[in-house]
Amino acid sequence: MKPDISRLSVEELKRLQLEAESLIASKKDQEIEDAYKQVLAIAEGVGLSLEDLLSFAGKKRKKTTTTRKAVAPRYRNKSNTAETWTGRGKQPRWLVAELAKGRKLEDFLI
């Protein structure tokens, strides 16, 4: 059951606010201390010091990147032959406009 604070005076509410802020700060400090102890326990569990664990976390890992092969275009704009599309990804504006006019995708095949 929540306490009814609507009947408190402004001064009493301010005092309650200060007490709440103090309690929040205290609990936050306790949570940080508990988290630190957990990290220490984990480091000890794997046989590392805290410094070793932190330096391991800071090392950059190799990222595996895949290079995509270039794909030949499959569609070409008839009015501007420099505009092409591979058929992958979002359709280009010129193609969307032409399709909106009633043309078919097959009309632009190379």
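These numbers were taken from a predicted model, which means no experiment stands behind them.

K.L.:
Looking at this model, I keep getting lost on the side chain of Asn-77. Mind explaining?
P.N.:
When you line up the elements, Asn-77 lands in the loop between strand E1 (75-76) and strand E2 (84-85). For Asn-77, a relative accessible area of 4% corresponds to the buried category. At 3.0 Å, the side chain of Asn-77 and the side chain of Ser-79 are in polar contact. Of note is the side chain of Asn-77, whose polar atom sits 2.5 Å from the side chain of Glu-83.

K.L.:
When you look at a nonpolar patch on the surface in this model, what are you seeing that I'm missing?
P.N.:
The grouping of Ile-5, Leu-13 and Leu-16 at the surface amounts to a nonpolar patch, some 220 Å² of accessible area in total. Structurally, Leu-13 can be placed in helix H1 (residues 10-45).

K.L.:
Would you take a moment to explain the packing of aromatic side chains for this structure?
P.N.:
Aromatic ring pairs are reported here in terms of the distance separating the ring centres and the angle at which the planes meet. In this structure the tally under the stated criterion is two aromatic pairs. Ring centres of Trp-94 and Phe-108 lie 5.8 Å apart, and the angle between their planes is 70°; this geometry places the pair in the edge-to-face category. Taken as a pair, Trp-94 in helix H3 (residues 93-100) and Phe-108 in the segment after H3 lie far apart in primary sequence, 14 residues in all. The burial state of Trp-94 is the same as that of Phe-108; both residues are buried.

K.L.:
Explain the side chain of Glu-98 to me, please; I cannot follow it from the model alone.
P.N.:
With respect to the helices and strands, the residue Glu-98 is situated in helix H3. For Glu-98, a relative accessible area of 13% gives the class buried. Excluding residues that lie within four positions of it along the chain, Glu-98 makes contacts with Arg-103 and Phe-108.

Thresholds, definitions, all that
- Residues numbered from 1 in each chain as written.
- Predicted model: local features only at pLDDT ≥ 70, side-chain atom pairs only at ≥ 80, totals over all residues.
- Heavy atoms only, no water.
- Helix = DSSP H or I, 4+ residues; strand = E, 2+ residues; numbered from the N terminus.
- Buried < 20%, exposed > 50% of the residue type's maximum accessible area, 1.4 Å probe, protein only.
- Polar contact = N/O pair within 3.5 Å; in protein donor to acceptor, adjacent residues only side chain to side chain.
- Patch = residues over 30% accessible without salt bridge, like charges linked within 9 Å, V, L, I, M, F, W, Y side chains within 5 Å.
- Areas by Shrake-Rupley, 256 points an atom, 1.4 Å probe, with all protein chains shown as cover.
- Salt bridge = Lys/Arg side-chain N within 4 Å of Asp/Glu carboxyl O.
- Phe/Tyr/Trp six-rings, centres within 6.5 Å; stacked < 30°, edge-to-face > 60°.
- Contact = heavy atoms within 4.5 Å.

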